[in-house]
Amino acid sequence: MSEKNERGQSGEVETQQALLRHTIDLNSELIAQADRLISASRSSRTETPNSNSND
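Residues numbered from 1 in each chain as written. Predicted model: local features only at pLDDT ≥ 70, side-chain atom pairs only at ≥ 80, totals over all residues. Heavy atoms only, no water.

This brings us to the overall build of the protein chain. A tally of helices and strands in the protein chain yields one helix and zero strands. Expressed as a percentage of its 55 residues, the buried residues of the protein chain come to 0%. (Helix = DSSP H or I, 4+ residues; strand = E, 2+ residues; numbered from the N terminus. Buried < 20%, exposed > 50% of the residue type's maximum accessible area, 1.4 Å probe, protein only.)

Given below as structure tokens:
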């Protein structure tokens, strides 16, 4: 019984690790998108002469 329980726990840990890796991948993609939006926002602000930046 304990061997079966250990295998179940290791399978659960593998599942959690896979979910964590997927979450990290999604967060990395969100960060990359945010960086692109920030860059686009900054470049569009520098093109307009009357920009009120609070940097």
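Moving on from the model shown.
Let's shift gears to the pattern of salt bridges. Using the criterion set out here, one finds one salt bridge in the structure. Glu29 is paired through a salt bridge with Arg36; the nearest N and O atoms lie 3.4 Å apart. What makes Arg36 partly exposed here is its relative accessible area of 49%. (Salt bridge = Lys/Arg side-chain N within 4 Å of Asp/Glu carboxyl O.)

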